[in-house]
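Residues per chain are reported as follows:
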Amino acid sequence: MPSAVLRRAVRETVSGLPREFWWLWTSTLVNRLGAFVATYMALYLTLDRGYSASYAGLVVSLHGLGGVVSSLGSGVMADRLGRRPTLLVAQGSTAGAVALLGFVQNPVAIAAVAFLVGMASNASRPAVQAMMADIVRPEDRVRAFSLNYWAINLGFAVSSAGAGFIAEVSYRAGFLVEAGMTALCAVLVFARLPESRPQRSVKEADEVSLGTVLRDGRYMAVVGLSFLVALVFQQGAVGLPVAMGGAGFTPADYGLAIAVNGVLIVVLQIPVTRVIEHRDARSLLVVSSLLAGYGFGLTAFAGSVGVFALTVCVWTLAEIVNAPTQTGLVVRLSPTHGRGRYQGMYTLSWSAAALVAPLMSGVVIDRFGAEWLWGLCAVVGTAAAAGYGVLMRRLPEERASVTKNPDTDPGTGASTGTSTSTSTSTRKTTGAGLGTSTGKTTGAGLGLGTDTGLGASTGTGTGTGEVTGTDPDTAGASEAGVRA
């Protein structure tokens, strides 16, 4: 019976997604299987090249600065030029820059190329996320994002352990492997993925700008809290390897410890997501922030690879809970025709954390010791948890699961079938039937309604047929339009 239940769960998880999604998923997996630079840059600089922890922190921060620079620009490119061209340019540039990084010797040159690698590698993220939202039906998006996150961590688990042993032989070989795998991703995108950007009018193209995103106070608050959580999670890639290296552990020791993160996510991400997807988002984000902060805080007491691995287990549980919850919130607040820009701003929070975290860890470790770094992580995690607790009080929350008939036209409410949903409203404004709705619509479903803050509305119209449905595509669009 357990095996039958497992097979059914796997079948339900992977079925119904379009072929283009699986090619994008495969590209993600291949890319992560070759991951090396972000994980082993600090060890490469401190152990192989003999630089200080502060210099390693500076270089890794420049890598993060490149991501900051490209986050918003690539989001705009994804909206204006298309998802596919953005991916091809980003992945091709990454392959060349990573290969070059393995050969440069001068400290200034290393820092400059690391900046280019960060800029090129991060440029693909908003395009990937926007393309995934484009090609997957609204009701399948949470599942699709979870599967993509699962692929990222499957590749990470394999590459972390394997690259650790490669690093003991040759760091340059690791750089070349990542360059080759990234080039293979570009080939997959070119050969198998069509452009997915939704067709829109000139008016729609100009409706959402970066200014619109910045004026979206609710969304920017989410971005700020995401930055704090990302600042903590980044220590797994920058603070932890330096601290373990300084304590006498080898790259292979670090690789085995950090591989626990990927293995646990591969094993638990999908089943945990199925459990928490209808739970209170506020509680999940508060708990995950605390687990992240104190999971890293416990690292101060680690003295063996096994204990380091146990601390990784704690903050990995936080990551498993935080990732789908945070992603669901971001997608719900992003209008359809501004996906690239909104995803770019969200990506910016992680890029900024990648910029700040290495500097923070390097300075704290050099001046005060690693124990102070882990204590600081606990403080930051607590601050993020408090922020989510305050912010989510002001957000209307969905009290019941919702479904959407795929035959429903998101723009007009026209329907060829019936679906059901319920919602709870905490604030009423006049709307145009956007988002989760209950009531009767028929034919073109032009209707009037009341908007409840996240796009939940109750409306009536004229025509034939009866529908109660959800339009995640347009959820939050009214908010963005008003702020624009």
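You'll find the structure just up there.
Right, let's walk through the structure included here.

Thresholds applied
- Residues numbered from 1 in each chain as written.
- Predicted model: local features only at pLDDT ≥ 70, side-chain atom pairs only at ≥ 80, totals over all residues.
- Heavy atoms only, no water.
- Helix = DSSP H or I, 4+ residues; strand = E, 2+ residues; numbered from the N terminus.
- Buried < 20%, exposed > 50% of the residue type's maximum accessible area, 1.4 Å probe, protein only.
- Contact = heavy atoms within 4.5 Å.
- Areas by Shrake-Rupley, 256 points an atom, 1.4 Å probe, with all protein chains shown as cover.
- Expected span 1.5 Å × (residues − 1).
- Polar contact = N/O pair within 3.5 Å; in protein donor to acceptor, adjacent residues only side chain to side chain.
- Salt bridge = Lys/Arg side-chain N within 4 Å of Asp/Glu carboxyl O.
- Axes fitted to C-alpha atoms, helices over the stretch in contact; angles between N-to-C directions.
- Left-handed = near helix turned anticlockwise from the far one by under 90°.
- Nonpolar A, V, L, I, M, F, W, Y, C, P; charged D, E, K, R; others polar.
- Phe/Tyr/Trp six-rings, centres within 6.5 Å; stacked < 30°, edge-to-face > 60°.
- Core = buried A, V, L, I, M, F, W, Y, C linked by side-chain atoms within 4.5 Å.

1. Quick word on the overall build of the protein chain
- Scanning the protein chain from terminus to terminus reveals 19 helices and four strands.
- Out of the 484 residues in the protein chain, the part that is buried amounts to 52%.
- Considering only contacts within the protein chain whose residues lie at least 6 apart along the sequence, 81% involve residues at least 24 apart.
- For the protein chain, the accessible surface area stands at approximately 19900 Å², while carbon and sulfur atoms represent 65% of it.

2. Re helix H9 (residues 171-192)
- Over its 22 residues, H9 extends 32 Å from the first C-alpha to the last, a length consistent with the 32 Å expected when each residue adds 1.5 Å.
- Inspection of H9 places Tyr171, Gly174, Phe175, Glu178, Ala179, Thr182, Cys185, Ala186, Leu188 and Val189 among the buried residues, and these make up the whole buried set.
- With a side-chain oxygen lying 3.4 Å from the backbone nitrogen of arginine 172, the N-terminal cap of H9 falls on serine 170.

3. Let's talk about the pattern of salt bridges
- For the coordinates displayed, the defined rule picks out four salt bridges.
- A salt bridge links arginine 83 to aspartate 134, with the nearest nitrogen and oxygen atoms 2.6 Å apart. With a gap of 51 residues between them, arginine 83 in helix H5 (residues 83-101) and aspartate 134 in helix H7 (residues 124-135) connect regions that are remote in the sequence. Comparing arginine 83 with aspartate 134 shows no difference in burial state: the two are buried.
- The partner of aspartate 134 in a salt bridge is arginine 339, and the shortest N-O contact between them spans 2.7 Å. With aspartate 134 in helix H7 and arginine 339 in helix H17 (residues 339-367), this residue pair connects regions lying 205 residues apart in the sequence. One exposure class covers both aspartate 134 and arginine 339, and it is buried.

4. Notes on the side chain of serine 288
- The topology assignment puts serine 288 in helix H15 (residues 281-297).
- Assessed through its relative accessible area of 1%, serine 288 is described here as buried.

5. Overview of the environment of methionine 181
- When you line up the elements, methionine 181 lands in helix H9.
- Of the residues examined, methionine 181 reaches a relative accessible area of 24% and is grouped as partly exposed.
- As a C-alpha pair, methionine 181 and valine 30 span 151 residues in sequence and 6.3 Å in three-dimensional space.
- The contact partners of methionine 181, leaving out residues within four places of it in the chain, are Val30, Leu33 and Gly34.

6. Let's talk about the packing of helix H12 (residues 217-233) against H17
- Relative to each other, H12 and H17 sit at 35°, their axes nearing to 8 Å. The interaxial crossing formed by H12 with H17 has right-handed handedness. Together, Tyr219, Met220, Val223, Ser226, Phe227, Ala230, Leu231 and Phe233 of H12 and Tyr342, Gln343, Met345, Tyr346, Ser349, Trp350, Ala352, Ala353, Val356, Ala357 and Met360 of H17 make up the contact between the two elements.
- Residue classes in the contact of H12 with H17 are distributed as 16 nonpolar, three polar and no charged.

7. Thoughts on the packing of aromatic side chains
- As enumerated under the stated definition, the model contains 12 aromatic pairs in all.
- Measuring from centroid to centroid gives 4.5 Å for phenylalanine 296 and tryptophan 315, while their planes differ by 15°, and the two rings are stacked. In this pair, phenylalanine 296 is assigned in helix H15 and tryptophan 315 in helix H16 (residues 305-332), connecting sequence segments 19 residues apart. Grouping residues by exposure puts phenylalanine 296 and tryptophan 315 together as buried.
- Through successive ring pairs, a cluster of aromatic residues spans Phe21, Trp22, Trp25 and Trp150.

8. Comments concerning the nonpolar core
- Counting 79 residues, the largest nonpolar core has Met41, Leu101 and Tyr219 as the members making the most contacts within it.
- Once residues within four sequence positions are removed from consideration, leucine 101 is found in contact with Val37, Met41, Tyr44, Ile110, Val113, Ala114, Val117 and Phe175.
- The next biggest cluster of nonpolar side chains, apart from the first, holds 20 residues, and it includes Met131, Leu147, Ala151 and Val331.

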